[in-house]
Amino acid sequence: MKWMILLLAVSLTVVPTALATAHASGPETDLLKAAGPTETSHNQPGSLIAAAAPPAGHGESNSHDAAAADQEHGHANLGEVLPLWSCIPFAGMLLSIALFPLLAPDFWHHHFGKVSAFWAATLGIPFLMAFKGLALYEILHIILVDYIPFIILLWSLYTVSGGILLRGTLRGTPLINVVMLLIGTLLASWMGTTGAAMLMIRPFLRATAHRKNRTFMVVFFIFLVANAGGSLTPLGDPPLFLGFLHGVSFFWTLKILPHMLTVAGVLLTVYFFLDLYAFRKEEVAVPDDGVKEPLKLDGVHNFIFLAGIVGSVLMSGVVDWGHFQLYGIHLAYQDLARDGLLVAMGILSMVTTSIKVREDNDFTWFPILEVAYLFIGIFITMIPCLLILKAGLKGELAFLIHGISRPAHYFWVTGALSSFLDNAPTYLTFFNTALGSFFEGASEAQAVPLLMTEKAIYLEAISAGAVFFGAVSYIGNAPNFMVRSIAEEAGTPMPSFFGYIFRYSLLFLIPTFVIVTLIFF
């Protein structure tokens, strides 16, 4: 731990000074003035954030628009002055996830939460010292608007799906495995990638428990069920839901059906032949347990709670009950209602489901706790990366955004950034880039219908990139990490962070995306 303390001490000394002087003349000076108007206000978080945040709009018809405008205002300003090296803590967080399980597995297992907190502090404390109220606003914004709803949704889906148990004799032959992957892929667009992944992963692991080589099976499960399958509706993946909130029609995303079928078709075909080869090579006989038990579901009532979760998420996107401000951050009443309903669904599932069902389902709280601890560090350390990205042509990544003109560019750049950053704001960044490039001066209400029709191929590229590329790394999409954790608990060895990318993503996913590019973009 000594090296971590030393690194934190150095960052607290060097980073604030560098941040505060990097662009001493120009827009940053104004930002610092806005962040800390008086010395006496430093101990008053509410006044600091109020200085940093934009004033509340008047006569806004939709609280989602207010929240989006609020977010864009704060993010765009800081992103114009932050240097690329402010993303170093995020890189450190990723390297910790990649290397500690390999180099110090015992330390990581017991202290991964502390490592996450360390990197969050390495970014958060210097960030606050340099930008004061603006930084506090951004940190609280990502916690209140992004992280807390994110964890509540994952917890509710994890809890409810953990109460559904598939009993009976189910043995993972190559054909049965393909069918299970196909079912999960089809479910993902209608109950979300997280919901489908949490529902299907335990039956899939039990069906393949007798197999020797199970790692690649879980990896393809992540590719298909936890990612590609969620591309057909706004319920499938957060970036598509964000597009829905900004005016993209609910069923417009069905235009990505040919792209999804291509990805799923290629990956399922490759998987079948890999599984068939491994099945024959292993020479493992399917266990004979005597009389085969018919398949049946226990905890069926939990499907009601799953429907309640899906309905709650959809409700939050279609109703407008107004908004309020907390420390200058716009929060919508319907979003609070959604989160309350999600918590209620999880609690009802716990109360009404037999403990034995969860025990027989190998249900534990560790996977969701691991995601909660690690993703708070990820969310906080990626703030500078998202801010720079949101700054567009005024930020350090201007060279990247300036070079985007063709559908293939939108597909690969949106996808590459979504592989490691939050794919929802990444989607929104390039969604807005496309609107500004093709319909300059038009309002969002005027431009989005034109983007869906006249320039539909660009929106298809952005949408497909944001969803498909979430499978490239463990942190590309939340269910990836949870599936990995559940699989390891069940005794299936999983590749390291870099092992997953180099042994599977680059070998199977990237060629598949090249095929998609050649056919559609």
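Our subject is the structure that appears above.
These lines cover the structure that appears in this document, whether it is placed above or below. (Residues numbered from 1 in each chain as written. Predicted model: local features only at pLDDT ≥ 70, side-chain atom pairs only at ≥ 80, totals over all residues. Heavy atoms only, no water.)

### Some remarks on the packing of helix α8 (residues 215-224) against helix α10 (residues 257-282)
Working step 1: At a closest axis distance of 11 Å, the pairing of α8 and α10 adopts a crossing angle of 170°. As judged from the angle between their axes, α8 and α10 are roughly antiparallel. Counted together, F216, M217, F220, F223 and L224 of α8 and A264, L267, L268, V270, Y271, L274, D275 and A278 of α10 form the full contact between these two elements.
Working step 2: Partitioned by chemical class, the residues of the contact of α8 with α10 number 12 nonpolar, no polar and one charged. (Axes fitted to C-alpha atoms, helices over the stretch in contact; angles between N-to-C directions. Helix = DSSP H or I, 4+ residues; strand = E, 2+ residues; numbered from the N terminus. Parallel < 35°, antiparallel > 145°, perpendicular 65-115°, else oblique. Contact = heavy atoms within 4.5 Å. Nonpolar A, V, L, I, M, F, W, Y, C, P; charged D, E, K, R; others polar.)

### Here's the deal with the packing of aromatic side chains
Working step 1: This model, assessed by the stated rule, comprises 43 aromatic pairs.
Working step 2: Here F216 and Y271 contribute two aromatic rings whose centre-to-centre distance is 5.7 Å and whose plane-to-plane angle is 40°, an arrangement assigned as tilted. Taken together, the positions of F216 in helix α8 and Y271 in helix α10 put the pair 55 residues apart, joining distant regions of the chain. Each member of the pair, F216 together with Y271, is buried.
Working step 3: Its guanidinium or amino end placed over the ring of Y474, R484 lies 4.5 Å from that ring's centre, counting from NZ or CZ. (Phe/Tyr/Trp six-rings, centres within 6.5 Å; stacked < 30°, edge-to-face > 60°. Buried < 20%, exposed > 50% of the residue type's maximum accessible area, 1.4 Å probe, protein only. Lys NZ or Arg CZ within 6 Å of the ring centre and 35° of its normal.)

### Points about unusual backbone geometry
Working step 1: At K132, a position not held by glycine, the phi torsion is positive, near 50°.
Working step 2: Its place among the elements puts K132 in helix α6 (residues 105-161).
Working step 3: A positive phi angle, near 55°, is found at Y327, a position not held by glycine.
Working step 4: Among the secondary structure elements, Y327 is positioned in the loop between β3 (323-326) and β4 (329-332).
Working step 5: Here Y327 falls in the partly exposed class, since its relative accessible area comes to 44%.

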